[in-house]
Amino acid sequence: MIELKHLSKVFPTADGDFEALSDINLTIGDGDIFGIVGMSGAGKSTLVRCINLLERPTQGEVLIDGENLMDLSPARLRQTRRSISMIFQQFNLLMQRTCLKNICFPMEIAGVPAAEAKKRALEYLDIVGLPDKANAYPAQLSGGQKQRIAIARALASNPKVLLCDEATSALDPTTTRSILKLIQDINRRLGITVVVITHEMAVVEEICTHVAILDHGHMVETGTVEEVFSNPKTEAGRRLVFPEGARIDQFPVASVVRVVFNGGSSYEPLIASLAIDCGVKVNILGADTRNVNGKAFGSMLLGLPEDKSEAAKAMNYLRAQQDVSVEEVPDYHG
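Procedures and definitions
Residues numbered from 1 in each chain as written. Predicted model: local features only at pLDDT ≥ 70, side-chain atom pairs only at ≥ 80, totals over all residues. Heavy atoms only, no water. Core = buried A, V, L, I, M, F, W, Y, C linked by side-chain atoms within 4.5 Å. Buried < 20%, exposed > 50% of the residue type's maximum accessible area, 1.4 Å probe, protein only. Helix = DSSP H or I, 4+ residues; strand = E, 2+ residues; numbered from the N terminus. Contact = heavy atoms within 4.5 Å. pLDDT = per-residue confidence, 0-100. Pairing = 2+ DSSP bridges. Axes fitted to C-alpha atoms, helices over the stretch in contact; angles between N-to-C directions. Right-handed = clockwise from strand over helix to strand, strands pointing away.

### Description of the nonpolar core
Among soluble globular proteins, nonpolar side chains are generally buried collectively. If you look at the biggest cluster of nonpolar residues, it comprises 56 residues, and the most contacted ones within it are I87, I103, I149, I151 and I183. Looking at this core, the element that brings in the most residues is helix α5 (residues 143-155), giving six residues. Non-local contacts of I87, meaning those with residues more than four positions away in its chain, are made with Q147, A150, I151, A154, L162, L163, C164, D165, A167 and I183. I36, C50, L53 and V62 belong to the second largest nonpolar core, which has 30 residues in total.

### A short note on the environment of D185
Take D185: it is sitting in helix α6 (residues 173-190). You can call D185 partly exposed: its relative accessible area is 27%. Separated by 99 residues in the primary sequence, D185 and M86 have C-alpha atoms spaced 17 Å apart.

### Re the environment of T198
Residue placement: T198 occurs in strand β8 (residues 193-198). Sequence spacing of T198 and P305 is 107 residues, and the spatial spacing of their C-alpha atoms is 39 Å.

### Notes on the side chain of S83
Looking at the element boundaries, S83 is found in the loop between α2 (74-81) and β6 (84-88). Overall, the relative accessible area of 17% leaves S83 in the buried class. The residues touching S83, leaving out its near neighbours within four places in the chain, are P159, K160 and V161.

### Details of the confidence of the model for the protein chain
Residues at a pLDDT of 70 or more form 92% of the protein chain, whose mean pLDDT is 84. Counted against residues more than four places away or in other chains, residues 245-252, with its pLDDT under 50, gives 10 contacts.

### Observations concerning the sheet that holds strand β7 (residues 161-165)
The pairing of strands in a sheet happens through backbone hydrogen bonds and is either parallel or antiparallel. If you trace the six strands from one edge of the open sheet to the other, you get β6-β7-β8-β3-β9-β10, paired in mixed fashion. At either margin of the open sheet sits one strand with a lone partner, and together these are β6 and β10 (218-224). On average, adjacent strands in this sheet sit at an angle of 15 degrees to one another, irrespective of strand direction. Bridge count for strand β3 (residues 33-37) against β8 is five bridges, and the pairing is parallel. Bridging from a neighbouring strand, G35 pairs with V196 of β8. In this fold helix α1 (residues 44-51) packs onto β3, β6, β7, β8, β9 (210-215) and β10, with an angle of close to 155 degrees to the strand it touches most, β8.

### Some remarks on the pairing of β7
Most of β7 is tucked away: five of the five residues are buried. Burial of the side chains of β7 extends over both faces: V161, L163 and D165 are buried on one face and L162 and C164 on the other. As paired elements, β7 and β8 share five bridges and run parallel to each other. Each bridged residue has a counterpart across the sheet, and for C164 the counterpart in β8 is V196. Handedness of the β-α-β unit built from β7, α6 and β8 comes out right-handed.

In structure tokens form, the structure reads like this:
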């Protein structure tokens, strides 16, 4: 288990102190795939670097399985860090080494005998689906293959925790999905706890079990992915989950409502059913819906008819639906 308690990080700058993280409290359970999401500058990368003390927090505690990393001697911290591996956006492979030797590198540092290191490295190449790339060099690989080698290298120290800092940001969507599936498979097969740092909600919905939202260094919301996606409680959460909300004032309609899908099995027939059952037509102004573990989450922006009785009929119908909540959008200016 990873526990962050009252963690803060301040950087001195020419213009005075900059507080990158403020009083962060977070618990990540063993075996979770935990997403930490926020806009650029939210403090995500600083937070992940504090988990393994690459950045030393200004104050607070970082506990791994009850042991406070802040209290460890340098030698003991180095030993503990071997159980916390990290993969990065830019792969950070050693270009002059073959893929096999890249994977062997952390084992060499740890003093693993060469024959055993090679045997294990070949096993990790198999796990990441690149058994034929042992003698290839990073320059000969695609971006997705480089990230797979970086993941194999991260596994070489037999970690309990895998930290992924924007690990798919440099990849195209198809490659991103394959890397996320690999991370999910590794989590299931090896039981490794995964912390995913990202600015993309699509990454969170694809593989994460839990999510925390960072905003300007503050942890503003945390919970299961289903909880946060179905009912974000903060403005920062709504901005990430319902990104279309910021542009609603462009639509020429009488009034706007947001329909939020809270985990029902299907959302597609809703507007058609409204038209058939009530005879009321509405405009779909925007939609951002997604499937998480077979359930519908996300939202639609609907423009209601100008006729007040028709609009009321539509609202009553929508509010009567299961696993759906409806909210008027007060910041609409027609």
